[in-house]
Amino acid sequence: MSASSASSTPATSTTSTAPAKPLSVAVIGAGMAGRSHAAGYRNVNTVFGAGLPPVRLAAIADANIALGEDAARRYGFEKALPSWEAVAEDPTIDAVSIVVGNALHRPIAEALVAAGKHVLCEKPLAGSLEDARAMAELERGADTVTAVGYTFRRAPAIAAIREHVHRGELGALTLFGGRYWCDYATDPKSPLSWRFKGGPGSGALGDVGSHIIDAAEYVAGPIVSVSGASLSTQIAKRPLPLGAVVGHNAAPVSDEYGEVENEDTASFTARFASGLVGTFSVTRTGFGLPNGLAFDVLGVAGRAAFDQHRPAEYLFDDAQPEARTRGARQLIAGPDLPYFAGGVPMEAPGVGAANADNFVYQARAFLDQVAGAADPLPPCATFADALRTMEIIQAVVDSSRRNGAAVTVPPTA
């Protein structure tokens with residue numbers, strides 16, 4: 001992770017005076033995640049007080065015109081555009097989220113940066129390691145802000161666990177256990193969308209594994225090697241869609257089937273720079289688990305655990321003064337946690353914190369960077385950070401091809 005991503009507690013100053021010129025934003029992609037970005041931009045000036053200029057919701061672009069128009073209407077954007085090129089060519093647009101198929105990230109990012117626009121790209125960074133490296137190189141020469149959407153960095157509970165670790169409150173860490181178990185691909189009749197295309201590492205590892213890998217490094221530091229990797233595909237063929245597929249939604253399909261090209265499930269062990277060992281498993285075919293990112297981090301003096309299915313809390317355990325009162329405590333998200341104070345309408349424990357809030361905080365952090373805010377949120381992950389995640393994923397793939405042999409991860413730049 002980049003040194004610039006170290007802090008997790010945002011400032012809540014309300015004394016800044018917002019400049020008059022609006023920041024004009026657009027979203028490329030009107031599907032599930034694109035709408036989350038759109039909702040985030042819509043709400044950025046409702047959190048953490050003043051500090052940003054007014055935000056102009058300029059456009060949502062999607063080749064599916066009806067989908068783009070519906071998203072623009074729902075989230076208050078001025079118009080829908082039929083292509084990402086129309087966004088790149090619009091000189092009035094300042095900042096753009098890229099939320100489309102992974103293989104399209106590189107050409108879109110290159111065009112947007114060339115047009116002088118700031119870019120927030122969804123994870124994983126690209127459809128291939130070659131493209132990811134090219135995007136990291138693009139970032140090094142860019143005069144604009146380039147960022148990646150690792151939204152779980154903005155979860156108050158995860159940011160709080162990171163603070164426990166970095167303050168040494170768990171003592172020397174002994175084990176990290178991370179998983180991201182989802183069920184969106186359990187139905188063998190679900191269509192063969194772009195998510196099932198690409199080589200090993202571009203399936204569950206790239207889609208959901210990138211999140212838990214980034215969360216692990218965010219909490220526990222850099223991973224230096226992986227081993228014991230295994231990739232498998234439970235549903236080898238899927239029906240071809242008859243039209244556009246939106247997110248993980250069902251869609252009309254034909255009687256013709258195509259081959260699934262990537263993994264449904266993966267597991268591996270990782271070693272961190274500190275000597276800590278981590279175990280990881282990811283799947284998109286885990287029945288009954290809609291969005292199961294979770295992890296445990298254990299130390300000699302304490303432990304903590306998070307589960308995205310209960311996002312407004314986390315478990316914490318340490319050495320209580322009396323043994324009879326020891327045990328895991330449920331800590332409910334409230335104003336003492338990062339992002340919560342100033343980040344929700346009702347600043348009181350027990351009123352919730354969820355995935356949609358993370359997208360608001362992420363959009364605010366990105367626009368803080370763009371605007372050069374006086375009291376910015378911790379900055380977003382960079383293209384270089386996301387390249388590192390893809391290098392770890394490639395190491396997992398290489399380990400699986402070598403029957404689980406240990407594979408070294410390239411050092412951080």
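Residues numbered from 1 in each chain as written. Predicted model: local features only at pLDDT ≥ 70, side-chain atom pairs only at ≥ 80, totals over all residues. Heavy atoms only, no water.

Caption draft 1: Spotlight on the side chain of Q308. For Q308, the position within the fold is in the loop between β14 (302-307) and β15 (313-318). In contact with Q308, other than residues within four places in its own chain, are F152, N291, L293 and N355. (Helix = DSSP H or I, 4+ residues; strand = E, 2+ residues; numbered from the N terminus. Contact = heavy atoms within 4.5 Å.)

Caption draft 2: Representation of unusual backbone geometry in the model. Put simply, K123 and P124 share a cis peptide bond, and its omega is -15 degrees. The residue P124 is located in the loop between β5 (118-122) and α5 (129-140) in this model. Even without being a glycine, Y339 presents a positive backbone phi close to 75 degrees. Here N403, not a glycine, exhibits a phi torsion of approximately 60 degrees, which is positive. Tracing the chain through its elements places N403 in the loop between α9 (383-401) and β17 (407-408). Assessed through its relative accessible area of 77%, N403 is described here as exposed. (Buried < 20%, exposed > 50% of the residue type's maximum accessible area, 1.4 Å probe, protein only.)

Caption draft 3: Up close: the packing of helix α1 (residues 32-43) against helix α8 (residues 355-371). Where α1 meets α8, the axes come as close as 8 Å, and the angle between the chain directions of the two elements is 65 degrees. Seen along the crossing, α1 lies across α8 with a hand that is right-handed. Residues S36, H37, A39, G40, Y41 and N43 of α1 pack against F359, V360, Q362, A363, F366 and L367 of α8. Tallied by class, residues from the contact of α1 with α8 come to seven nonpolar, five polar and no charged. (Axes fitted to C-alpha atoms, helices over the stretch in contact; angles between N-to-C directions. Left-handed = near helix turned anticlockwise from the far one by under 90°. Nonpolar A, V, L, I, M, F, W, Y, C, P; charged D, E, K, R; others polar.)

Caption draft 4: Seen up close, the nonpolar core. In this structure, Y41, F77, V226, F366 and L367 are the most contacted members of the largest nonpolar core, which totals 89 residues. Among the elements that take part in this core, helix α7 (residues 204-220) stands out by supplying 10 residues, more than any other. Not counting residues within four places of it along the chain, the set of residues in contact with L367 comprises L23, V25, Y41, V44, L52, V55 and A95. (Core = buried A, V, L, I, M, F, W, Y, C linked by side-chain atoms within 4.5 Å.)

Caption draft 5: Inspection of the sheet that holds β14 at higher detail. Strands sit in the order β16-β15-β14-β13-β7-β12-β11-β8-β17 across an open sheet of nine strands; the sheet is mixed. The open sheet terminates on both sides in strands that have one partner only, identified here as β16 (329-332) and β17. Here strand β7 (residues 173-181) pairs with strand β12 (residues 277-283) via six bridges, running parallel. For Y180, the partnering residue across the bridge sits in β12 and is V282. Contacts from helix α6 (residues 156-166) reach β7, β13 (292-299), β14 and β15, with the element oriented near 20 degrees to β15. Against the sheet, α7 touches β7, β8 (223-232), β11 (265-272), β12 and β13, its axis set at about 155 degrees to β12. (Pairing = 2+ DSSP bridges.)

Any functional reading would require information beyond the geometric quantities listed.
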